[in-house]
Amino acid sequence: DTAVSQTPKYLVTQMGNDKSIKCEQNLGHDTMYWYKQDSKKFLKIMFSYNNKELIINETVPNRFSPKSPDKAHLNLHINSLELGDSAVYFCASSQDGDVNSPLHFGNGTRLTVT
Amino acid sequence: EDQVTQSPEALRLQEGESSSLNCSYTVSGLRGLFWYRQDPGKGPEFLFTLYSAGEEKEKERLKATLTKKESFLHITAPKPEDSATYLCAVQALGSSNTGKLIFGQGTTLQVKP
């Protein structure tokens with residue numbers, strides 16, 4: 001059983017399009033995240049939700065909008081895609097965001113904008 | 001500004017050749033330091049959490065240590081299956097940092113048989 005699953009694994013699209021990435025966790029965790037990994041492998045947090053409530057919103061363009069329909073799901077919608085949005089996007093979850101509960105990551109969605 | 005720097009960026013070892021990876025950090029107050037392993041095409045996999053200077057943790061051939069400025073990941077007698085990118089991350093104090101990890105750029109380790 002996959003603990004944190006993301007779909008799709010690969011996403012190739014043209015500039016200006018709108019796309020969504022879906023994430024689901026079956027660990028019973030309360031907190032979910034979106035991280036972005038650039039070409040130099042730096043992972044940077046974008047958003048964090050705790051029990052459907054937004055708790056971290058880093059400096060991310062408002063073209064990115066997360067949505068959490070329930071605490072097991074956190075989706076990421078991106079409007080008007082730009083070349084610079086090309087990256088690997090990772091969903092993660094943890095029990096409560098406390099330091100004692102490590103993050104569990106999905107296997108990523110590689111987004112390529114042409 | 002909170003920051004994490006890892007060195008070297010890449011490391012090639014022969015099987016059985018022990019070595020260490022370095023993670024230097026600058027953080028206003030450390031809540032915890034984490035080590036993750038990332039295989040190609042996969043998400044990071046949790047290895048260790050260290051909370052305070054002087055703490056050590058071990059798992060098979062890996063041992064992580066922590067000082068007030070840096071952490072080391074020691075790999076003893078590595079095997080080819082230890083080949084991966086090792087990521088270091090810190091979580092700073094403060095309620096606004098709950099769950100927020102600041103990552104380094106990683107060290108890509110290749111162990112040749």
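The structure presented is a predicted model; accordingly, all values stated were derived computationally and were not measured.

## Digging into the state of the cysteines
Residue and element names in this part refer to chain B.
- Evaluated as defined, the whole model comprises two disulfides over all chains.
- A sulfur-sulfur separation of 2.0 Å characterises the disulfide bridge that pairs C23 with C88. Handedness here is read from the sign of the S-S torsion; for C23 and C88, about -65°, the answer is left-handed. With C23 in strand β3 (residues 19–26) and C88 in strand β9 (residues 84–92), this residue pair connects regions lying 65 residues apart in the sequence. In terms of burial, C23 and C88 fall into one category: buried.

## What to know about the interface of chain A and chain B
- Listed as interface residues are 22 residues of chain A and, on the opposing side, 24 residues of chain B.
- When chain A packs against chain B, the two sides together hide about 1,800 Å² of surface, and 57% of this comes from carbon and sulfur.
- Of all residues in chain A, K41, L43 and V99 of chain A bury the most surface against chain B, accounting for 29% of the area lost on that side.
- Two residues, E58 of chain A and K100 of chain B, come together in a salt bridge whose shortest N-O distance is 3.3 Å.
- For the pair chain A and chain B, the number of links is eight residue pairs in polar contact (both at pLDDT 80 or more).
- Secondary-structure elements contributing two or more residues to the side of chain A that touches chain B are β4 (31–37) and β5 (43–50) of chain A.
- Here the element with the most residues in the side of chain A that touches chain B is β4 of chain A; it accounts for three residues.
- Across the side of chain A that touches chain B, the residue classes tally to 11 nonpolar, five polar and six charged.

Analysis parameters
- Residues numbered from 1 in each chain as written.
- Chains lettered and ligands numbered in written order.
- Predicted model: local features only at pLDDT ≥ 70, side-chain atom pairs only at ≥ 80, totals over all residues.
- Heavy atoms only, no water.
- Disulfide = S-S within 2.5 Å.
- Helix = DSSP H or I, 4+ residues; strand = E, 2+ residues; numbered from the N terminus.
- Buried < 20%, exposed > 50% of the residue type's maximum accessible area, 1.4 Å probe, protein only.
- Contact = heavy atoms within 4.5 Å.
- Buried area = accessible area lost by both parts, 1.4 Å probe.
- Salt bridge = Lys/Arg side-chain N within 4 Å of Asp/Glu carboxyl O.
- Polar contact = N/O pair within 3.5 Å; in protein donor to acceptor, adjacent residues only side chain to side chain.
- Nonpolar A, V, L, I, M, F, W, Y, C, P; charged D, E, K, R; others polar.

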